[in-house]
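Letter by letter, the chains look like this.
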Amino acid sequence: MSELPDHIAIIMDGNGRWARQRKLPRHLGHKSGVDSTRDIIQICSDRHIKALTLFAFSSENWKRPKKEVGLLMNLFFTALQREIKRLNDNNVRMTFIGDVSAFPDKLQKQISRSAEKTSTNTGLELRIAVNYGGRWDIVNAVRGIAEKIESNELNSSDISEELVAENLSLSDLPEPDLFIRTGGEKRISNFLLWQLAYTELYFCDVLWPDFNEKIFDEALESYALRQRRFGKTGEQVKGKPQDA
Ligand code: FPP
């Protein structure tokens with residue numbers, strides 16, 4: 001692969017439909033989704049991708065039936081419990097973004113334990129977005145900045161793109177180079193709204209439990225073929241001489 005992205009962000013969509021197609025309850029779709037999640041983390045780790053951010057539970061997912069939300073919480077808990085050793089053995093550093101304070105105590109503790117256990121690892125930076133929303137992230141950043149202005153640590157004239165970015169989730173990582181969404185919808189759905197400004201977007205119809213290395217490679221190939229211009233002309237990017 002000529003050019004690998006440093007940071008990949010994924011919306012893992014389609015678990016429910018995968019289950020429905022098989023006349024199974026929705027939570028078995030999520031269970032199968034955990035297998036795809038494990039595989040993709042392993043592949044990214046093996047290929048030395050620097051960072052992977054996964055959208056596991058959005059702020060809007062609370063609107064789902066109570067039973068599904070409860071089963072998802074249980075699934076997160078058992079997946080973290082089961083996978084932590086493997087992640088640690090693979091030198092993966094796992095952290096979480098989003099407001100975890102709304103989760104059951106038991107899950108919050110498991111989240112802290114998982115982050116703590118892998119905190120000194122130096123391999124793949126794995127970020128799991130839980131109870132996360134891009135607007136929530138921006139509002140949080142704005143509130144943090146406003147508090148510093150109130151306490152005279154900052155002036156309003158200090159507000160810049162860099163300052164806002166520093167106050168957002170993922171501020172310690174390069175912005176995602178590649179965004180992948182499975183499940184056929186062509187939306188960002190309140191994921192990393194600020195951080196995806198220049199990210200290459202890749203949408204595919206495959207449902208998350210069917211996502212595999214071959215489809216991942218197709219996304220990487222599509223990424224490698226694109227020319228990222230960041231607002232410049234194609235010639236500038238290629239380093240060709242320009243008229244002034
Ligand atoms: C969207 O599919 C998927 C989710 C809301 C849950 C995603 C979570 C996992 C795959 C588990 C990951 C686990 C860890 C610990 C990171 P959907 O239910 O919206 O599918 P549908 O659009 O077909 O209904």
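Before reading on, note that the structure itself is shown above.
Quick look at the structure, then. For every chain, the first residue of the written sequence is number 1, and numbering continues from 1 onward in sequence order. Local features are withheld for residues below a pLDDT of 70 in this predicted model, meaning they are given only at 70 or higher, and side-chain atom pairs are given and counted only at 80 or more; totals for whole chains, interfaces and linings count all residues. Values reported for side chains reflect all heavy atoms of the structure, with hydrogen atoms and water molecules removed beforehand.

1. Here's the deal with unusual backbone geometry
One non-glycine residue, Asn152, adopts positive backbone phi at about 60 degrees. Under the scheme used here, helices are H or I runs from DSSP no shorter than 4 residues and strands are E runs no shorter than 2 residues, and both carry numbers assigned from the N terminus. Along the chain, Asn152 turns up in the loop between helix H5 (134–150) and helix H6 (161–166). Judged by its relative accessible area of 69%, Asn152 is exposed. Burial here depends on accessible area, computed with a 1.4 Å probe over protein chains only, as a share of the maximum for the residue type. Under 20% is buried, over 50% is exposed, and the range in between is partly exposed.

2. Some details on the site of the ligand
Neighbouring residues of the ligand: 18 residues in total, closest Asp13, Gly16, Arg17, Arg26 and Arg64. In the environment of the ligand, an oxygen atom lies 3.1 Å from a nitrogen or oxygen atom belonging to the backbone of Asn15. Between an oxygen atom of the ligand and a main-chain N or O atom of Arg17, the distance comes to 2.7 Å. Every accessible area reported is derived by Shrake-Rupley at a probe size of 1.4 Å, with residue values counting cover from the shown protein chains alone. With the chains in place, 90% of the 630 Å² that the ligand exposes on its own is no longer accessible. Where the shell around the ligand is concerned, the elements lending two or more residues are helix H1 (15–21), helix H2 (26–46) and helix H3 (66–89). Here the shell around the ligand gets five residues from one element, more than from any other, and that element is H2. Nearness of a residue to a molecule or strand requires only that one of the residue's heavy atoms be within 4 Å of it. Within 3.5 Å is the distance limit for a polar contact, defined as a pair of N or O atoms, with the added protein rule that one can donate a hydrogen and the other accept it, and that residues adjacent in sequence qualify only through two side-chain atoms.

3. Comments concerning the pairing of strand S4 (residues 125–132)
A large share of S4 lies buried, amounting to eight of its eight residues. Bridge count for strand S2 (residues 51–58) against S4 is seven bridges, and the pairing is parallel. Pairing of Leu54 across the sheet is with Ile128, part of S4. Any two strands between which DSSP finds at least two bridges are classified as paired. In this sheet, S4 lies alongside strand S3 (residues 93–97) in parallel orientation, the contact comprising five bridges. Paired with Ile97 across the strands is Ala129, a residue of S4. With the strands pointing away from the viewer, any crossover whose connection runs clockwise from the first strand over the helix to the second is right-handed. Considered for its hand, the β-α-β crossover made up of S3, helix H4 (residues 105–117) and S4 is left-handed.

4. Notes on the packing of aromatic side chains
Working definition: rings of Phe, Tyr and Trp (its six-membered ring) pair if their centres are within 6.5 Å, and the pair is stacked with planes under 30 degrees apart, edge-to-face with planes over 60 apart, and tilted otherwise. In total, this model carries 12 aromatic pairs according to the counting rule given. For the ring pair Phe55 and Phe191, a centre distance of 4.3 Å and an interplane angle of 10 degrees mean the geometry is stacked. Taken together, the residues span a long stretch of sequence, with Phe55 in strand S2 and Phe191 in the loop between strand S5 (178–181) and strand S6 (200–203) at a distance of 136 residues. There is no split in this pair, since Phe55 and Phe191 are both buried. Ring geometry for Phe211 versus Phe216: centroids 6.4 Å apart, planes at 70 degrees, classification edge-to-face. Phe211 gets classed as buried once you look at its relative accessible area, which sits at 4%.

5. Description of H2
A rise of 1.5 Å per residue sets the reference length of H2, with its 21 residues, at 30 Å; its end C-alpha atoms lie 31 Å apart and thus fit the reference within 8%. Among the residues of H2, Gly29, His30, Ser32, Gly33, Val34, Ser36, Thr37, Ile40, Ile41, Ile43, Cys44 and Ser45 are the ones counted as buried. Where the residues of H2 are buried, they touch strand S1 (7–11), H1, S2, H3, S4 and helix H7 (213–225). Expected span, for any helix, means 1.5 Å times one less than how many residues it has. Contacts between residues were defined by any pair of non-hydrogen atoms, one from each residue, lying within 4.5 Å.

6. Observations concerning the sheet that holds S3
One open sheet accounts for six strands, arranged S3-S4-S2-S1-S5-S6; its pairing is parallel. Looking along the sheet, the strands with just one partner apiece sit at the ends: S3 and S6. Each neighbouring strand pair of the sheet contributes to a mean axis angle of 20 degrees, computed without reference to strand direction. Lines fitted to C-alpha atoms define the axes, with helix axes restricted to the stretch in contact, and inter-axis angles between N-to-C directions lie between 0 and 180 degrees.

7. Things to note about the pattern of salt bridges
Any two side chains of opposite charge can pair, so long as their charged atoms come close to each other. Any carboxyl oxygen of Asp or Glu that lies within 4 Å of a side-chain nitrogen of Lys or Arg is treated as forming a salt bridge with it. As enumerated under the stated definition, the model contains 17 salt bridges in all. For the salt bridge of Asp13 with Arg17, the shortest nitrogen-to-oxygen distance reads 3.4 Å. Given the relative accessible area of 27%, Arg17 is considered partly exposed. By sharing partners, the salt bridges in this structure join Asp35, Arg38, Glu83 and Arg86 into a single network.

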